[in-house]
Amino acid sequence: MSSEDTTTTEPLSDRVEAALRKVRDPDADVNVFEAGLIDDVRIDGGDVTVQADLSEFPPSEGQAVTSTMMRAVSDVDGVERAHVEQAPRSVDTQGREVGVERADRVIAVASAKGGVGKTTVATTLACALAADGDDVALFDADIHGPNVPELLSVSGPVQSDEDGHPVPVDASASDAADGKTSGDGPGDLEVMSVGLMNDSQPLAWRGAMAHDALTELFEETAWAGPDTLVIDLPPGTGDVALTTLQEVRVDGVVFVTTPFHAAVSDTHRSLQLFEENEVPVLGVVSNMGEFVCDACGEHHDLFDGDDPIDALDAPVLAEVPFTGEMQSHPRPTPDGVPDVALELGAAVGGRIEDIWTVEVPEHAVDLRGVPPEKRRDRVREAFEGIGSGERFEVVSDRNPGPVREFLEDLIDGKLKGFRVKRQNPDTWRCRTEKP
Ligand SMILES: Nc1ncnc2c1ncn2[C@@H]1O[C@H](COP(=O)(O)OP(=O)(O)OP(=O)(O)O)[C@@H](O)[C@H]1O
């Protein structure tokens, strides 16, 4: 029996509205109409569709409000089916530009294994950079397990601009991070994720499908001109990582690992893949290697023995302990940005500056800006000017791979070691020893 029986003479629309007015906004002591959450109520026979904007709620709270509204409407006499749908949000499409190349710099966050905290670190890094005043875009490329929206408590669906380009969701923490930021206050934080398009469905894209879906999002998303784009890659070196490396000029990669031998040796192999694809390695974040006891304040190692990360040829950017704070709130809270997040942001920023600053050793040949027809002469002169066993080094603004062939022609033999490394997007270095 319905609680509305006494008023069945009133039109259905009035009774549905009266029922909805009993549902409260959990964040404010007003009903959902007064809170401005209801956009529209459509009635078609016994079918009632409520269009509500619940995008500001964390997913679990939004779900609870949806269920309460569904129950309230279903209980009204004469209602056969009740639906609650997310109202289309109006998005600011002014000044947006399409494609990942709009970002001034692109940082990928990768891991060899799943579950080591890559998404947590990517989200923390994006929040820390935004808290420091950067306009940040966070691209969740983990298409098989897109967790970024959940960590940042944002929900979809993604809206499109007038040309049909998907517009990322705003995740700025305008009033968070009080007092713990530097610069002129926090920058913007925007998020794009397949998790915002397909709210709860795990995606089973493979191979070409994954490649096409991701390529389209990289090419089509209309960003607001970010300073930094952070890409959260899926674990491992599968289709998505390869697509990202093909489609995006990645300026640096941050690796996340636990200080556990098996995880670190896989990390070593993944690092090589990025280096082979000429992506500068910014460094490694060692996550969950210790926890700090709430009761005694002591640090406790969670892994025994030597730290295997020391053996990686990459700087350690941060050692993030296992904490409840990191687990529940990688994003800034009204109390500020966690210190560990600020340290991570500062370490990554510092490394970027380091690799952008090119110091050319006195003995090295600097080919930057040298016209193509003069490059060989410069290399020959320098090589002929050093003695056997001495180090020969080139700094160049293009891949100096062909230098090897040229030197081997000069000596009419093979060089033993010849190492090429891309220091930053515009600078390569290569090194060998004169036989
Ligand atoms: N420093 C930390 N302290 C406490 N919990 C953490 C920390 N880092 C990550 N976690 C928790 O570990 C779990 C896995 O983290 P996360 O989802 O970031 O890993 P991931 O490497 O991105 O996983 P995958 O890519 O396989 O989805 C999450 O529950 C997260 O809250």
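Residues numbered from 1 in each chain as written. Predicted model: local features only at pLDDT ≥ 70, side-chain atom pairs only at ≥ 80, totals over all residues.

- The name given to the chain in an unreviewed UniProt entry is Iron-sulfur cluster carrier protein, and the organism recorded there is Halorientalis persicus.
- We quote the UniProt Subunit (unreviewed entry) comment for the chain here in full: "Homodimer."
- Its UniProt record, at the heading Function (unreviewed entry), says of the chain: "Binds and transfers iron-sulfur (Fe-S) clusters to target apoproteins. Can hydrolyze ATP." (UniProt positions renumbered as here; feature names shortened; annotations may be inferred.)

## Things to note about the site of the ligand
- In the vicinity of the ligand lie 19 residues, with Gly114, Gly117, Lys118, Thr119 and Thr120 positioned nearest.
- Secondary structure elements with two or more residues in the shell around the ligand: α3 (118–131), β14 (281–292), β16 (316–322) and α8 (324–328).
- Counting residues per element, the shell around the ligand draws most heavily on α3, at three residues.
- Considered class by class, the residues forming the shell around the ligand number six nonpolar, eleven polar and two charged. (Near = placed C-beta within 6 Å. Helix = DSSP H or I, 4+ residues; strand = E, 2+ residues; numbered from the N terminus. Nonpolar A, V, L, I, M, F, W, Y, C, P; charged D, E, K, R; others polar.)

## Here we look at the sheet that holds strand β20 (residues 427–433)
- Reading across the sheet, the four strands line up as β17-β18-β20-β19 and stay open at both edges, with mixed pairing between neighbours. Looking along the sheet, the strands with just one partner apiece sit at the ends: β17 (365–366) and β19 (418–424).
- Taken together, the six bridges between strand β18 (residues 391–396) and β20 define a ladder with antiparallel strand orientation. Bridging from a neighbouring strand, valine 395 pairs with arginine 429 of β20. (Pairing = 2+ DSSP bridges.)

## Overview of the domain arrangement of the chain
- Segmenting the chain into domains produces domain 1 (5–86), domain 2 (97–356) and domain 3 (365–433).
- Classifying every residue of the side of domain 2 that touches domain 3 gives three nonpolar, no polar and four charged. (Domains from an automatic or database assignment.)

## Notes on the UniProt feature "domain: MIP18 family-like" (unreviewed entry) in the chain
- The feature "domain: MIP18 family-like" (unreviewed entry), as given by UniProt, occupies residues 14–83 in the numbering adopted here.
- For residues 14–83, helix accounts for 33% and strand for 23%, while the C-alpha atoms at its two ends are 17 Å apart.

## Observations concerning the pairing of β14
- Sheet topology places strand β13 (residues 252–257) next to β14; five bridges connect them, and they run parallel. Looking at β14, one finds that valine 253 is bridged to valine 281.
- Sheet analysis places β14 next to β16, joined by five bridges and oriented parallel. Within the sheet, the bridge partner assigned to phenylalanine 291 lies in β16 and is phenylalanine 322.
- Sheet topology places β14 next to strand β15 (residues 299–301); three bridges connect them, and they run antiparallel. Its bridge partner being in β15, glutamate 290 is matched across the sheet by aspartate 301.

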